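Tertiary structure, described
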Amino acid sequence: MDRKAVEKKWQLKWEKAKFHNFNPKSDKPKEYVLEMFSYPSGAKLHVGHWYNYGPADSYARFKRMKGYNVFQPMGFDAFGLPAENYAIKTGVHPKDSTKTNIETMEKQLRAMGAMFDWNAEVKTCEEKYYKWTQWLFLQLYKKGLAYRKEAPVNWCPSCNTVLANEQVVEGACERCGTTVVRKNLTQWFFKITEYAEELLSGLDGLDWPEKTKTMQKNWIGKSTGCEIEFECDTGDKIRVYTTRCDTVFGVTYVVLAPEHPLAQKITTDEQRDAVNAYIAETSKANEIDRLSTTREKTGVFTGAYCTNPLSGKKIPIYLADYVLYSYGTGAVMAVPAHDERDFEFATKYDLPIVQVIESRSGPTKLPFCEDGIMVGSLGFDGLYGEEAREKVANEIAKLGKGGKKVNYRLRDWLVSRQRYWGAPIPVVHCPNCGIVPVPEKNLPVALPYEVEFRPDGKSPLEKCEEFMNTTCPQCGGEARRDPDTLDTFVCSSWYFLRYADPDNDKEPFDVEKVKKLLPVDTYVGGAEHACMHLLYARFITKALRDMGYLNFGEPFKRLIHQGVIMGPDGNRMSKSHGNIVSPDEYIEEYGSDAFRLYLMFGFSYTEGGPWNDDGIKAISKFLDKIEKTILKIMTYSEKNAPYSTEEKALDYARNFAIQKITRDMQNFSFNTAVARMMELLNAITKYDALDVKNTTLLKATVKDFLLLLAPCAPHFCEELWEQIGEKGFIFERSYPVENPEKLVLDETEYALQINSKIISRVMIPSSFKQEEIQDFVLGLDSVKEKLDGKEVKKCIVVQGRLVNLIV
RNA sequence: GCCGCUGUGAUGAAAUUGGCAGACAUACGGGACUUAGAAUCCCGCGGUAGAGAUACCGUAACGGUUCAAAUCCGUUCAGCGGCACCA
């Protein structure tokens, strides 16, 4: 078979018949199969794309044959840094390079032969799309879920530009290697923290990899503790957050983050110089240094004191940058005896260490950070762990000095980027009215083409006067636009909704259409998005739901991560490793079906692994053998119809394969599914070698075989389907369903064990029940011989598996 | 440092979730057909001992639970991924 010609032929036929376009009128149950859309890079489709899209498409095709109305769209996550960086390097405008790249990739994706519904295509850099991304921003703003505040950004002093987190590699600029510093700019945020609790609890009901759920859980980082108020001699009140309020009697000092508003206020005159110097010093330190655990702790005494509300003791107040202003209250109570960090700090600055917790088992070695028994804590002595914390927290609440509190590690999502190639933030800054959102009817705020995007310290858009100068929608006076663009993760946080209604120019999507298609039934993509895209998309979905646009809160019911295909050397494929494998030559030589099938067979889908092409030739031969065998068998005339042992065996193999392959396809266990197909082909060949055969059964089996294989080798199977004289597309046919009767054999092989050691295998009638099996086994001569007159104490029978005699 | 995952032949991997370890392939070895084989077909293929039937050992290492462990529990080692002063 000329595979390349055959691929072209069927791709054309499918397209002509609009065979892959979703039919909204169908009464079949819908199945939304989605693969993460790709970034249009200049290079060709790489093995990773193929590995993501090929097998996932086979799944979609399988579901179609199983009777679902499948929707499988594809699009491009087209805004973003790489295009802009490429432009800076070469001078080619991002819009132009992106357009060309999308054209090439689209062509390649079509050549792959996946059943993408190109009618639903979405490109996030097009006005007709980002208009609605901006709309989304405005809705969040209206709801109070988008706000502005000053925040540190990554700044490269050499390139003179803001960097995205992805561009900071080990604390240095990805491009020039200069150490990145912190710089405070006013930034836009989305209040994802508002949904922290639901983002956490919603995970339980999802059919997602446990690993990903755990990562999101840790990222959200719920912590249950207690806030306690310490009153300063100045009258100011310092609230601290702690998860160990049972150690409150061991507090020997209180620490504020250097940015804490009270830091300057409470400082005494003698300490003022030292404190100012310390604050100046720490503000210079960059994020990376500051967050490093190995860094030695530093701090400074403020000269001020406060009072422990429970013990009444006076304790000093320090500033130290090991306390984060952005978490909890930005202040902590230090208990050196029961916290490693406080212990280290107290040791360095010679502060008292007071033990108030005792180990339940063995001696207590300080710092002792586990749960223990309270000591030296007045009326609380003797209490342990959770109960102790409960009682202390209640007491604090009773005193009006705080109480239980839940905190999350999750921070709000910083969405503004001082970059060019993104959706402009639809906001106007008016000298009279302040921040004014652009009215929805004026959307999109179009991204201008003629812009100097080479970095020189300013946001690229800020240099474009035509863009920046506008009038205030509220007062009509002169005003300036916001020069920032939105993080590309904003664009990708709702694209799966737009697929349902991609050409709507009245609204982001028709609510009814989305209700019908969403949520996504199966989402396939890389695990690297666990705490970014997947979390953002969940947040946006919940926010839109609460605004009344959606009737569901979780966008992706089932999630599958394909593994990573590494270079042959076991490293991640990259230019710097020089280990990139291109699919093209393989497709040229063996065809896209063979390549896809090899990807499915050679790797465990969710594991991936180093590339190795040893098996691809074998897959190609497998296809050749199928072709040869099937075409030969289909020429047989149907006359003989014996049905005995061999026929039963073939029928068993056929139905066994149907059962297992169906299960494996459903579970994304593609390697075993293909293995079962090979087994079935082996059974067919074996039967075909007989002199007398039931050609009716054989031909029916062969047809089932083709139907089973079709999702995994679509062009190849369409062609054979036609060649054996069938009408219409093979994908219009139903996937075979096993006949359970044929799976029941007269006899089943059992393993025979004596004292858990296998002594032999025997065939036992399948209909036998426990006792019958036992009697049957004990009656065997070989067993009697082995038992040698010993008494059988116990007989364990595992139906259909084994018999274990304990003597 | 903390959290999570993984560890099975020469190789990619299977194993109905506690029930015959190594399915299905690749590589390798042997044979058939052939002028020839990188084509096709057949046979073998975890290790050790043995001519052989067979026996013993074997799922990173050690220990435990069980009639039965790759699978469950504990300790250790190795690799990968995530988080990284979150009080």
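To start, this report covers the structure provided alongside it. (Residues numbered from 1 in each chain as written. Chains lettered and ligands numbered in written order. Predicted model: local features only at pLDDT ≥ 70, side-chain atom pairs only at ≥ 80, totals over all residues. Heavy atoms only, no water.)

**Here's the deal with the pairing of strand β27 (residues 556–560)**
In terms of burial, β27 is largely enclosed, as four of its five residues are buried. For strand β26 (residues 520–524) and β27, the ladder comprises four bridges, and the chain directions are parallel. For Val524, the partnering residue across the bridge sits in β27 and is Ile560. Crossover β26 to β27 through helix α17 (residues 533–546) is right-handed. (Buried < 20%, exposed > 50% of the residue type's maximum accessible area, 1.4 Å probe, protein only. Helix = DSSP H or I, 4+ residues; strand = E, 2+ residues; numbered from the N terminus. Pairing = 2+ DSSP bridges. Right-handed = clockwise from strand over helix to strand, strands pointing away.)

**Notes on the packing of helix α21 (residues 645–666) against helix α23 (residues 695–709)**
Interhelical geometry of α21 versus α23 gives an angle of 15° and a closest axis separation of 11 Å. Relative to α23, the element α21 lies roughly parallel. Viewed along their axes, α21 and α23 form a crossing whose handedness is left-handed. Contacts between α21 and α23 involve Glu647, Leu650, Asp651, Arg654, Ala657, Ile658 and Ile661 from the first element and Leu697, Leu698, Ala700, Thr701, Asp704 and Leu708 from the second. Of the residues that constitute the contact of α21 with α23, the class distribution is eight nonpolar, one polar and four charged. (Axes fitted to C-alpha atoms, helices over the stretch in contact; angles between N-to-C directions. Parallel < 35°, antiparallel > 145°, perpendicular 65-115°, else oblique. Left-handed = near helix turned anticlockwise from the far one by under 90°. Contact = heavy atoms within 4.5 Å. Nonpolar A, V, L, I, M, F, W, Y, C, P; charged D, E, K, R; others polar.)

**Notes on the environment of Pro82**
Tracing the chain through its elements places Pro82 in helix α3 (residues 81–90). Put simply, Pro82 and Pro94 are 12 residues apart on the chain and 8.9 Å apart in space, counted from C-alpha to C-alpha.

**Observations concerning unusual backbone geometry**
The peptide bond linking Leu366 to Pro367 adopts the cis configuration, its omega dihedral lying at -5°. Residue placement: Pro367 occurs in the loop between β16 (357–358) and β17 (373–374). The omega torsion across Leu443 and Pro444 is 0°, close enough to zero to call that bond cis. The residue Phe668 is not glycine, and still its phi comes out positive at about 60°. With respect to the secondary-structure elements, Phe668 resides in the loop between α21 and α22 (670–688).

**As for the sheet that holds strand β30 (residues 747–754)**
Spatially, β31-β30-β33-β32 is the arrangement adopted by the four strands of the open sheet, whose pairing is mixed. The open sheet terminates on both sides in strands that have one partner only, identified here as β31 (757–765) and β32 (794–798). Direction aside, the axes of adjacent strands within the sheet are offset by 20° on average. Of the strands in this sheet, β30, β31, β32 and β33 (802–806) touch helix α25 (residues 770–778), which is tilted by about 120° from β31.

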